[in-house]
Amino acid sequence: NTIWDPLYEKDLPLNIIVMAALRADGYMKRYGFTERQMAKVAVKNRRNGILNEYAHLQKQITIEDVFTSRVLCAPIKLFDACPRSDGACAVVFASERFVESRGVSAAWVNGVGSMSDTYFVGDRLGDDMRCFGRAAKRAYDMAGIQRPNKEVQVVELYAAFSYMELIAYQTLGLCDEGTGGEFIDIGGPEMGGRTPVNPSGGPMCSHPIGATGLVRVAEAASQVLGRAGKHQVDGARTAVATSQGGATQFFTVMVIGADRH
């Protein structure tokens, strides 16, 4: 299993859910967000998933449902976690010349950032979103985005567990540092909120491992092209798609626009 340190961690019973629980607990202590705010993320995503015909999980849940679901590894409960889905995704990339000569509608890739971090979990637990933030900055700089909370209309976020969204809100600049919990409390990432996050339901409603990151890109492109169907965000002109892999070592951020930057 190459996502763990080969000399130390491979012999310990550390899996993705345990790793996520350690991170969630650390961030709860650091930023003060609560299990109830985590549950609100899960409820939001399930509600959005009902609007997406391709979502694996299409059933509304309540905060109480989240709290009474089986504990996987505290503080993560079953409904705080993604499913293991089947699925596939394809995206067609074309040159600017091809798009213009054929007169086809296209979503423009205006910015991309990608960063990798160390394998050893112990070196990352204190600040394991640092590479995510750096990847986002690279993508934003390339796309000319200076105020993402004002200039981005929708985010398709790779977040396999509810706590990951709360951290990503601040990492992507949708809210101030340490206010991810407050952002979900005020409905900031909801459909109709300031910056809707995962209107498709995201990975917490469908997680075809290996394809999930590209699904975020396809969903973001659909949003800026106005093709997202029932989960379309009104007025979406700039979207952000993210992906991550391993045990939070690998991060990619893409800015997709209806207009070319």
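Up top you'll find the structure we're talking about.
Our subject in this report is the structure included herewith. (Residues numbered from 1 in each chain as written. Predicted model: local features only at pLDDT ≥ 70, side-chain atom pairs only at ≥ 80, totals over all residues. Heavy atoms only, no water.)

Here the focus is unusual backbone geometry. With an omega of 10°, the peptide bond running from Ala74 to Pro75 counts as cis. For Pro75, the location among the structural elements is in the loop between β1 (71–73) and β2 (76–77). We note that Asn198 has phi near 55°; this positive angle belongs to a residue other than glycine. Here Asn198 shows up in the loop between α8 (180–185) and α9 (212–224). (Helix = DSSP H or I, 4+ residues; strand = E, 2+ residues; numbered from the N terminus.)

Here the focus is the side chain of His231. Relative to the helices and strands, His231 resides in the loop between α9 and β5 (238–245). For His231, the residues in contact, after removing those within four places along its chain, are Leu51, Asn52, Met191, Pro199, Ser200, Glu219 and Gln223. (Contact = heavy atoms within 4.5 Å.)

Backbone hydrogen bonds are what pair the strands of a sheet, in a parallel or an antiparallel way. Strand order in the open sheet formed by four strands is β3-β6-β5-β4, and the pairing between neighbours is mixed. Each end of this open sheet is capped by a strand with a single partner; those strands are β3 (108–116) and β4 (154–156). Shown here is a sheet whose adjacent strand axes are inclined to one another by a mean of 15°, direction ignored. Sheet topology note: the β5/strand β6 (residues 250–257) ladder contains eight bridges and is antiparallel. For Thr238, the partnering residue across the bridge sits in β6 and is Gly257. (Pairing = 2+ DSSP bridges. Axes fitted to C-alpha atoms, helices over the stretch in contact; angles between N-to-C directions.)

Let us look at the layout of surface pockets. In this model, the largest pocket occupies a volume close to 610 Å³. Residue lining of the largest pocket: 28 residues in total, with Ile16, Tyr158, Ala160, Phe161 and His207 positioned closest to the centre. Put simply, the parts of the chain that give the lining of the largest pocket at least two residues each are α1 (16–31), α7 (162–171), α9 and β5. Sorting elements by how many residues they give to the lining of the largest pocket places α1 first, with five residues. A class-by-class count of the residues in the lining of the largest pocket yields 17 nonpolar, nine polar and two charged. (1 Å grid on protein atoms, 1.4 Å probe; cavity = no way out; pocket = protein on both sides within 12 Å on 5 of 7 lines; lining within 4 Å. Points joined across faces, edges and corners; volume = space filled by probe spheres on them. Nonpolar A, V, L, I, M, F, W, Y, C, P; charged D, E, K, R; others polar.)

So, on to the nonpolar core. Counting residues in each nonpolar core, the largest one holds 50 residues, and the members touching the most others are Phe33, Tyr163 and Tyr169. Among the elements of the structure, α1, α2 (35–49), α3 (63–68), α5 (130–143), α7, α8 and β6 are those that each provide at least two residues to this core. The biggest single contributor to this core is α5, with seven residues. Those residues in contact with Tyr163 that sit more than four places away from it in its chain are Ala20, Arg23, Ala24, Phe33, Met38 and Ile76. Of all hydrophobic cores here, the second largest spans 11 residues; its members include Val233, Ala239, Ala241 and Ala258. (Core = buried A, V, L, I, M, F, W, Y, C linked by side-chain atoms within 4.5 Å. Buried < 20%, exposed > 50% of the residue type's maximum accessible area, 1.4 Å probe, protein only.)

Okay, the pattern of salt bridges next. Pairs may arise between side chains of opposite charge once their charged atoms sit close together. Under the defined criterion, the tally for this structure stands at 12 salt bridges. Across the salt bridge formed by Lys40 and Asp185, the nearest N and O atoms sit 2.7 Å from each other. Taken together, the residues Lys40 in helix α2 and Asp185 in helix α8 connect sequence positions 145 residues apart. On the accessibility criterion, Lys40 (25% relative accessible area) is partly exposed. Beyond isolated ion pairs, a larger network of salt bridges with shared partners links Glu35, Lys77 and Asp80. (Salt bridge = Lys/Arg side-chain N within 4 Å of Asp/Glu carboxyl O.)

Everything listed here is a matter of geometry and, on its own, says nothing about what the molecule does.
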